[in-house]
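Letter by letter, the chains look like this.
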Amino acid sequence: MEENDQEFLRALHEEKIRTQNERAKLITMKLAFITVLFGVSSVDLKIEIARIFWLIYFVPLVAISYDLYIMSADSRIKRIGVFLGRNPVSLAGKAEQEWERFCTSYRDSLAPSANMFFSVIVTLGAAAFIHSQQSWTEHFIRLWFAVWLVISLGVIIALWMRHQALIKNIGNYSPNDNKNKKRYMGL
């Protein structure tokens, strides 16, 4: 193996660790943001809630933004792990390669599901808060609220389903499969 390949594979190992730390930090930031947001709503800040409750409409957007970053980091981790575990030129030892195969066979779907479930709960919590602040006299406001809620929940669920499909596709990578070689090389 060439020295450049060894350096690249070493950097790939380091990138995997950095990305795992990034994902953990993003999850913590998402939890902190939501906790602070709902905590602020329970504290008397001498501000009329009726004047600022419309800001709560942005809660799903922020949760979805965090989800996109978290899912991006998660898929990068999975890509690196599968590549290092399955590519014959990898510096990974037999134990690491077997560990990557094991992880691919027994994926943890609980963590991505928990992330999606948390986003749904936050969106429903925001909807309940908005609903309690509205007078609901105009049909346009009711329609806006319904559309906002359905689209928010739909996007969260669609992103989760897309992420699950992407992770499954990454798990199907095989360096010896000509179809995969063409797909990954852009041919």
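All residue numbers here refer to positions counted from 1 along the written sequence of the relevant chain. A pLDDT threshold of at least 70 governs which residues receive local features in this predicted model, and a stricter bar of 80 or more applies before side-chain atom pairs are shown or counted, although totals over entire chains, interfaces and linings include all residues. The side-chain values count all of the structure's non-hydrogen atoms but skip hydrogen atoms and water molecules.

In what follows, salt bridge is the name for a side-chain nitrogen of Lys or Arg lying within 4 Å of a carboxyl oxygen of Asp or Glu. Per the stated rule, a full pass over the model turns up 5 salt bridges. Of the charged contacts in the structure, one is a salt bridge between Asp-74 and Arg-23, with a shortest N-O distance of 2.4 Å. Here Asp-74 is found in helix 3 (residues 59-86), whereas its partner Arg-23 is found in helix 1 (residues 3-41), with 51 residues between them in sequence. The cut-offs for exposure are 20% and 50% of the maximum accessible area for each residue type, with area from a 1.4 Å probe on protein chains only; residues under the lower value are buried, those over the upper are exposed, and the others partly exposed. For Arg-23, a relative accessible area of 21% puts it in the partly exposed group. The closest approach of N and O atoms between Lys-78 and Asp-74, which form a salt bridge, is 2.6 Å. Taken together, the residues span about one helical turn, with Lys-78 and Asp-74 both in helix 3 at a distance of 4 residues. Accessibility assignment for this pair places Lys-78 and Asp-74 in one class, buried. Sharing partners across several salt bridges, the network here consists of Arg-23, Asp-74 and Lys-78. What counts as a helix is a DSSP run of H or I of at least four residues, what counts as a strand is a run of E of at least two, and both are numbered from the N terminus.

Mapped onto the elements, Asn-115 comes out in helix 5 (residues 110-133). Since its relative accessible area comes to 12%, Asn-115 is described here as buried. Any pair of N or O atoms that falls within 3.5 Å is considered a polar contact. Within protein, one atom must be able to donate a hydrogen and the other to accept it, and sequence-neighbouring residues count only if both atoms are side-chain atoms. Here Lys-30 takes part through its side chain, which lies 2.9 Å from a polar atom of the side chain of Asn-115. Setting aside anything within four residues of it in sequence, one finds Asn-115 in contact with Lys-30, Asp-67 and Ile-70. Residue contacts are counted whenever heavy atoms from the two residues lie within 4.5 Å of one another.

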